[in-house]
Amino acid sequence: MSGPSSIEVRLTGALGTFALAAEFEAPATGIVALVGPSGCGKTTILRCVAGLLRLHGSLRVRGEVWQDDARGIFLPPHARPIGYVFQEPSLFPHLSVRGNLEFGLRRVPSAERRLRLEDVADLLGVSGFLDRDPASLSGGQRQRVAIARALLASPRLLLMDEPLASLDRASKREILPYLEHLRATLDIPTLYVSHSPDEVARLADHLVSIGAGSVRASGPIAEMLTRMDLAREQGADAEAVVDATVTGHDAEFELTALAFSGGTFLVTRTAHPIGQRVRLRVLARDASLTLEHQTGTSILNIFPAVVDEVVTDGASQTVRLDVGGTPLLARITRKSGATLGIEPGRPVHVQVKAVALVD
Amino acid sequence: MDDGAELWAAVRLTVELAVVTTLVLLVIGTPIAWWLARSRAAWKEAVAAVVALPLVLPPTVLGFYALILLGPDGPGGWVAGLFGGRSLAFTFEGLVIGSVLYSLPFVVQPIRNAFESFGPRPLEVAATLRAGPRDAFWSVAVPLARPGFVTGAVLGFAHTVGEFGVVLMIGGGIPGETKVLSVAIYDYVETLQWTKAHMLAGGMLVFAFAVILGMLVLEKRLARRLR
Amino acid sequence: MTGCGRRRLGQTLLALLLLGAASVGWAAEARLAIAANFTAAAREIVAAFEAATGHRVVASFGSTGALYTQITQRAPYHVFLAADQVRPALAEREGLAVPGTRFTYATGRLVLFSREPDLVTGEATLRAGTFTKLAVANPITAPYGAAAVEVLRALGIYQTVERRLVLGTNIAQTYQFVETGNAELGLVAASQVAERAGGSRWLVPQSLHSVIAQDAVLLTIGAENPAAVAFLAFLRSGPARAVIARHGYAVAE
């Protein structure tokens, strides 16, 4: 994974009484989420990647060395091709919205500019208030401007520090679709700090789980969410994500077909065009297991699967399944597990009674 | 020189002195204020205290030290020597130096406060948008600190106009060169020429009122814009 | 009995009273308001007075104008030693001072002074005019300044040196101009340089300017204060006059 398409972070240091020792490697594609409880060092890592903070170690992003203490290399933040979205919008109050957007844009040599102001403004829905003062915008609008401003610096790596955390519920709901849209349309690798499982499930491609100043695990999101050690902490809230493609719409029953590696989900009809990639979330408690393919059932989404791993937790069991290469989680009672003889390697059918479409 | 001409010369000289002093104060005071606002050096408050000393020292004391500083025993005499003089006292340049020393805290303090008021975030944002430190200073820090610059400039200007003790000490009261308005008023009062003294003092009062009022209005407007 | 005789009798009585007071260990306290230029001489005289009489003295030093303003505001001074004749006379007229107690205790002398050893040789130095700055006290506000300008006029050189004059607000500041070397010479009070060695100086003849008389007066508040009365008497005595002369003042015969 090392090389021009990866992000390699090795940092150690102390901030006050807080010791950080973080080491991970993540692909420089899509959205890499840094997750963990607050105060675990997520933001510190992000600030180090930006160069706003300096700890010991090394940073290599897409083949470029940004920091290597062994060789005495440390690029100052303004020399790193990044965009940074802070928790608070932090717009420059002395500049108009347009002035804010142009701030980074103007400082990028024209040969390196990859986005046009008008396009980004359209993408984030801020074209309507380019000439307004930041003070006159709502919280959600301001954060959209801040995101657009960061994008216009033509970053090779976008850094987002809980960009939704300071917003109210309505503003969050307003912005999430924009973020998903960005992920789908712009190919900018992003490090995304969050402690919201919801945001992560919707946006992330890769997860870096951080706890108390060190990296606990790092991997693709589908794998990470279904890792038993991590899923167990979630209990009944454990979930899996499934990346699927829209393959057809059924006009008669008003359903949409979404194909993934283990079969095809049928969901209530959506407006997505055929071929569009979508993400589904399946809660462990919404999945049940049968030994045979049930026919006399109202459940539409039934797939053959193989039991991968079982973890018992009191009266409950969390079962990880391999559904044609896609991991899913099912939450069942220990009694059911014993009755069905659930153990690794056992072929079963998984019935999914509810599925949420992320976008 | 008749009275009217001398009076007019004092007014003109005062305004010139205040303008030049204010410009010099902004040039010198801004980097000091910036350093005081941003440095984490443990001894920076000691520097801040030195800058604030003129607030505490009686003008006559400050004037006496300025006299030594400007004279043949101090650096001022050395500089004057380059131009064939023996001292910077009794010159316009000397008055500017004395006024700058005396008014420095009035300019540094508001600018420092303004630099501190917006915290490190805007500068971090600027850095992540490819602005180097110098660029960020001019494009972000200075515009954001504008109310502080206005306050500092106005206070520096007004304080120089009203300054008396130091100017008295190092000026020598040379008409048209170092005899500023406040010294002229003093002379009129001392010699019981109340009418002229009233005229000048009244003019200064009106001027000071206008300046302070203007400052308050402008400051409020800028602050609203930067909120 | 002549007025003079009556006064002498009064003094004798007072002296007897004072001696009596001292002998029974009864000492009073006098508060003096003294012009700043007389500070050094005053300290010596006060010390001698206290030693001789057992009275105590509290002295405040300041500019004559400021002290006078305080006196008009009923500041609790018993005796006023001014740097001019105007304020004591004014105090007397305003009823702030005891009539008939006013007298000239010292007469100021002007000296042309430079801290450079060979610069001042005499009147010729002023006439030659080879200096760049000549410090004088502001003639409008300071008696020494008025006298200095009279000297320059008497020598007929005022017009030529006028543009090279720098004015100190008072004689103390004028001396600072000279002592710090900012002005290479100045017309200052002889008392200011009496104890200063070195430099060069020319004592300006008193014929070149009007008298710079400094008057003392007993203030109404101190009229009944034996220490105040005794101090004024002591100020006219031989030992005090010797001190005053040594500090560069002329004293009336």
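Structure: above.
Just so we're clear, the structure is a prediction, and the values are computed from it rather than from any experiment.

Novice: So what's going on with empty space enclosed by the protein? Which residues, and what values?
Specialist: Inspection of the entire model under this criterion finds one cavity of 30 Å³ or more. What the largest cavity holds in volume is close to 90 Å³. Contributing to the lining of the largest cavity are Val-167, Leu-168, Gly-172, Gly-173, Lys-179, Val-183, Tyr-186 and Asp-187 of chain B together with Asn-138, Leu-167, Gly-168 and Thr-169 of chain C. For the lining of the largest cavity, the secondary-structure elements that each account for two or more residues are α9 (165-171) and α10 (181-190) of chain B together with β7 (165-168) of chain C. Classifying every residue of the lining of the largest cavity by side-chain character gives five nonpolar, five polar and two charged.

Novice: So what about the sheet that holds strand β20 (residues 347-352) of chain A? Which residues, and what values?
Specialist: Residue and element names in this part refer to chain A. Spatial strand order, β16-β20-β17-β18-β19: five strands in an open sheet with antiparallel pairing. Each end of this open sheet is capped by a strand with a single partner; those strands are β16 (287-290) and β19 (326-333). Between one strand and the next, the sheet's axes are offset by a mean angle of 45°, whatever the strand orientation.

Novice: Explain the arrangement of the chains to me, using residue names and the numbers behind them.
Specialist: By contact count, the leading pair among the two pairs of chains in contact is chains A and B. Taking C-alpha atoms only, the smallest gap left between chain A and chain C, which are not in contact, amounts to 49 Å.

Novice: So, the interface of chain B and chain C: which residues are in play, and what are the values?
Specialist: The interface of chain B with chain C comprises 20 residues on the first partner and 19 residues on the second. Both faces combined, the contact of chain B with chain C buries some 1600 Å², and carbon together with sulfur accounts for 55% of it. Between the two partners, chain B and chain C, sit three salt bridges. Between Arg-86 of chain B and Glu-184 of chain C there is a salt bridge; the shortest N-O distance is 3.7 Å. Where chain B touches chain C, the interface holds six residue pairs in polar contact (both at pLDDT 80 or more). When residues of the side of chain B that touches chain C are traced back to their parent elements, those giving at least two are α3 (59-70), α9 and α10 of chain B. No other element matches the four residues that α3 of chain B contributes to the side of chain B that touches chain C. Of the residues in the side of chain B that touches chain C, the class split is eleven nonpolar, five polar and four charged.

Novice: Give a description of the sheet that holds strand β13 (residues 255-260) of chain A that names residues and reports values.
Specialist: Residue and element names in this part refer to chain A. Pairing is antiparallel in the open sheet, where five strands are placed in the order β14-β13-β12-β15-β21. With one partner strand each, in any of the chains shown, β14 (263-268) and β21 (356-357) form the two edges of the open sheet. The pairing of strand β12 (residues 239-250) with β13 spans five bridges and is classified as antiparallel. Following the sheet pairing, Thr-245 is matched in β13 by Ala-259.

Novice: Got a sec to walk through the pattern of salt bridges? Specific residues and values, please.
Specialist: All names here are of chain A. Tallying each qualifying case throughout the model produces 36 salt bridges over all chains. Ionic pairing is found between Arg-98 and Asp-131, a salt bridge with its closest N-O pair at 3.6 Å. Within this pair, whereas Arg-98 is found in helix α2 (residues 97-106), its partner Asp-131 is found in the loop between α3 (117-123) and α4 (139-151), the two being separated by 33 residues in sequence. Relative accessible area serves as the criterion here: at 29%, Arg-98 is assigned to the partly exposed category. According to the relative accessible area criterion, Asp-131 is exposed, its value standing at 63%. Note that Asp-198 and Arg-281 form a salt bridge whose closest N and O atoms lie 2.5 Å from each other. Note that Asp-198 is positioned in helix α6 (residues 197-203) and Arg-281 in strand β15 (residues 277-283), a separation of 83 residues in sequence. Overall, the relative accessible area of 19% leaves Arg-281 in the buried class.

Reading the values: the criteria
Residues numbered from 1 in each chain as written. Chains lettered and ligands numbered in written order. Predicted model: local features only at pLDDT ≥ 70, side-chain atom pairs only at ≥ 80, totals over all residues. Heavy atoms only, no water. 1 Å grid on protein atoms, 1.4 Å probe; cavity = no way out; pocket = protein on both sides within 12 Å on 5 of 7 lines; lining within 4 Å. Points joined across faces, edges and corners; volume = space filled by probe spheres on them. Helix = DSSP H or I, 4+ residues; strand = E, 2+ residues; numbered from the N terminus. Nonpolar A, V, L, I, M, F, W, Y, C, P; charged D, E, K, R; others polar. Pairing = 2+ DSSP bridges. Axes fitted to C-alpha atoms, helices over the stretch in contact; angles between N-to-C directions. Contact = heavy atoms within 4.5 Å. Buried area = accessible area lost by both parts, 1.4 Å probe. Salt bridge = Lys/Arg side-chain N within 4 Å of Asp/Glu carboxyl O. Polar contact = N/O pair within 3.5 Å; in protein donor to acceptor, adjacent residues only side chain to side chain. Buried < 20%, exposed > 50% of the residue type's maximum accessible area, 1.4 Å probe, protein only.

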